[in-house]
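# Working through the structure, step by step
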Amino acid sequence: MSSAAVPPADRFAWFADVVANELAPTELLGPPAAGGFRAEAGALVLDVLQLSTFECTPCRSRRTPAQVRQNDPERYQFSLITGSPMWLEQNRNGCEVNPGDMVLLNTSHPNAVGARGEDRAIRNVVVQLPRDELPLASGKADRLVAQRISGESGMGAILAGFMTTLATHGAECGPGERRRLGRVAVDLISACLAERCDGYDDLPSESRTRVLMERIDSFIDHNLGDPALTPQLIADRHHISVRRLHRMFQDRREGVAASIRLRRLERCHADLARPKLLAHPIAAIAARWGFGNPAVFSRAFREAYGISPSEWRALAPGARHGA
């Protein structure tokens, strides 16, 4: 949805209707920028969740007590800030957030939101979930509204990366995969909030297992270049036994060691096709992703792709066309 199809004089009202339909009735406050108001929005259903993306000219909004009484979808809204820095207020809490930060709001209470400047568009990724889908006592979760949640490290970084990927590629997935991703999103949001309110024990055991799996996947992806990355190291870093780690991978197409090797090969496969890396020796690219032995890498690459690394580099479309 884009305001480009709406007459300029009607765009502010049009976007207010979009926000009301996609999130909850909210009063937009201006006046719009002198150069004209612009906005875009998108939505994707993921099982019990809805993921929405918003971009608009800087403005302010408030959800009033009257609007809460008239229309309350009884949802939590978990937002990843990707554009202009913002400020938010709800339940006597208030915070300022920057790109990469996240924040929680509850549709059952009034709130106020606004951009902290006029030089950058507001851009947010918003995950909405019914309040009863969050496996935390409502009192614990409500204490966290309008408080900055950093997306720079730990669980926050995993969640921010997941939300970014959902916003970028979620529409490419089929219905079954979207349902699975929706459940993972609930688990990650719940775990991120639970860490901040001493509520981790409130989470169901299956949710804790899925969150642990996401932590492990993230750890593997961030350490692929380390030749010492082994199942034992992964298990030790996550305080579980190697046996449990292998059990967690049983439902996947490949085991732990095979998953590490496949991810390394995928990174090498992509790098060998990048024009900017054509001057880099193949062995250096392999070593960058944890393959210390060129012969072992070449054999594994051929087994995976049916072609040698040098042949792929010569034939890859990006390398041929200089894209």
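The rules behind these values
- Counting restarts for each chain, with residues numbered from 1 along the sequence as it is written.
- Selection of residues for local features in this predicted model requires a pLDDT of at least 70, selection of side-chain atom pairs for listing and counting requires 80 or more, and totals for whole chains, interfaces and linings are taken over all residues.
- Note that water and hydrogens are dropped before the side-chain values are worked out from all heavy atoms of the structure.
- Only DSSP runs of H or I covering at least 4 residues are called helices, and only runs of E covering at least 2 are called strands; the numbering of each starts at the N terminus.
- In this scheme, a residue with accessible area under 20% of its type's maximum is buried, one over 50% is exposed, and one in between is partly exposed, where area comes from a 1.4 Å probe on protein chains only.
- Should any heavy atoms of two residues lie within 4.5 Å, those residues are considered in contact.
- Per-residue and other accessible areas were derived by the Shrake-Rupley procedure at a 1.4 Å probe size, with only the shown protein chains allowed to occlude residues.
- Positive charges come from Lys and Arg, negative ones from Asp and Glu, while His and the chain ends are left out of the count.
- Just so you know, the charge point we use is NZ for Lys, CZ for Arg, CG for Asp and CD for Glu.
- Helix span is expected to be 1.5 Å times the residue number reduced by one.
- Only the stretch in contact is used when a helix axis is fitted, and all axes are lines through C-alpha atoms; the angle between N-to-C directions ranges over 0 to 180 degrees.
- Convention used here: angles under 35 degrees read as roughly parallel, angles over 145 as roughly antiparallel, angles from 65 to 115 as roughly perpendicular, and any remaining angle as oblique.
- In this count, Pro and Cys sit with the nonpolar residues alongside Ala, Val, Leu, Ile, Met, Phe, Trp and Tyr, while Asp, Glu, Lys and Arg are called charged and the others, Gly among them, polar.
- Each aromatic pair joins two rings of Phe, Tyr and Trp (for Trp, the six-membered one) with centres within 6.5 Å, and gets the label stacked for planes under 30 degrees apart, edge-to-face for over 60, and tilted for any other angle.
- Identification of polar contacts relies on pairs of N or O atoms within 3.5 Å, with a donor-acceptor requirement for protein atoms, meaning one able to donate a hydrogen and the other able to accept it, and with residues adjacent in sequence counted only if both atoms are side-chain atoms.
- Strand pairing requires that DSSP identify at least two bridges connecting the strands.
- We call a set of buried Ala, Val, Leu, Ile, Met, Phe, Trp, Tyr and Cys residues a nonpolar core when their side-chain atoms join them within 4.5 Å.

## Focus: the overall build of the protein
When helices and strands are tallied, the protein shows 13 helices and ten strands. Seen through its C-alpha atoms, the protein measures out along the principal axes to roughly 70 × 50 × 35 Å. In the protein, which comprises 323 residues, the share counted as buried stands at 47%. A sequence separation of at least 24 residues applies to 69% of the contacts in the protein between residues at least 6 apart. Looking at the protein as shown, the accessible area adds up to about 16100 Å², and 50% of this sits on carbon and sulfur atoms. Positive and negative side-chain charges of the protein, numbering 40 and 37 respectively, have mean locations separated by a distance of 4 Å.

## Focus: helix α5 (residues 175–197)
Since the α-helix turns once every 3.6 residues, residues separated by three or four places project in the same direction. Its 23 residues place the ends of α5 33 Å apart at the C-alpha level, agreeing with the 33 Å of an ideal helix rising 1.5 Å per residue. Note on α5: the residue one or two positions beyond its end, D198, has a positive phi of about 55°.

## As for the packing of α5 against helix α6 (residues 205–222)
Remark: α5 packs on α6, axes separated minimally by 9 Å, with the N-to-C direction vectors making an angle of 90°. With respect to their mutual orientation, α5 and α6 come out roughly perpendicular. Contacts between α5 and α6 involve V184, D187, L188, A191 and E195 on the former and, on the latter, S207, R210, V211, E214 and R215. For the contact of α5 with α6, a count of residues per class yields four nonpolar, one polar and five charged.

## Overview of the packing of aromatic side chains
On inspection of all chains with the given rule, the structure shows seven aromatic pairs. A centroid spacing of 5.8 Å and a plane angle of 50° characterise the contact between F15 and F37, whose relative ring orientation is tilted. One end of the pair, F15, is in helix α1 (residues 11–22); the other, F37, is in the loop between β1 (27–29) and β2 (39–46), with 22 residues separating them in the sequence. Each member of the pair, F15 as well as F37, carries the same accessibility label: buried. An aromatic cluster is defined as three or more aromatic residues linked by ring pairs; in this entry it consists of F12, W14, F15, F37 and F54.

## Comments concerning the side chain of Q128
With respect to the secondary-structure elements, Q128 resides in strand β10 (residues 122–130). Among the polar contacts listed, one links the side chain of Q128 to the backbone oxygen of E22, at a separation of 2.4 Å. Excluding residues within four positions of it along the chain, Q128 makes contact with E22, L23, V48, L49, Q50, S52, R75, Y76 and Q77.

## Here's the deal with unusual backbone geometry
Backbone geometry places D47, a non-glycine residue, at a positive phi of 60°. As for its placement among the helices and strands, D47 is situated in the loop between β2 and β3 (49–56). Judged by relative accessible area, D47 falls into the partly exposed class, the value being 31%.

## Let's talk about the pairing of strand β6 (residues 86–90)
A one-sided burial pattern is seen for β6, the buried positions being M86, L88 and Q90 and the unburied ones W87 and E89. Bridging between β6 and strand β7 (residues 93–97) involves five bridges; their strand directions are antiparallel. Residue pairing for β7: M86 is matched across the bridge by V97. Between β6 and β7, which pair antiparallel in sequence order, lie two residues; one of them, N91, sits at a positive phi of approximately 50°. Looking at chain direction, β6 and strand β9 (residues 111–115) are connected through four bridges and run antiparallel. Counterpart to L88 in the pairing with β9 is V113.

## Observations regarding the nonpolar core
Membership of the largest hydrophobic core comes to 38 residues, with the highest contact counts inside it found for F78, M102, L134, L159, M163, L188 and L193. Of all the secondary-structure elements, those providing two or more residues to this core are β2, β3, β5 (75–81), β8 (102–106), β10, α4 (154–169) and α5. At eleven residues, α5 tops the list of elements feeding residues into this core. Residues contacting L193, with those up to four places away along its chain left out, are F78, L104, L134, L136, L144 and I149. The next biggest cluster of nonpolar side chains, apart from the first, holds 30 residues, and it includes I240, A273, L277 and F291.

## Quick notes on the sheet that holds β9
Pairing within the open sheet is antiparallel, and its five strands lie in the order β1-β4-β9-β6-β7. Of all strands in the sheet, those bounded by a partner on one side alone are β1 and β7. Strand-to-strand twist across the sheet, computed as the mean angle between neighbouring axes with direction ignored, equals 15°.

## Section: the sheet that holds β2
Read across the sheet, five strands follow the order β2-β3-β10-β5-β8 without closing on themselves; strand pairing throughout is antiparallel. In this open sheet, the two edge strands, each paired with only one partner strand, are β2 and β8. On average, adjacent strands in this sheet sit at an angle of 20° to one another, irrespective of strand direction. Looking at chain direction, β5 and β8 are connected through five bridges and run antiparallel. Opposite Q77, over in β8, you have L105 as the bridge partner.

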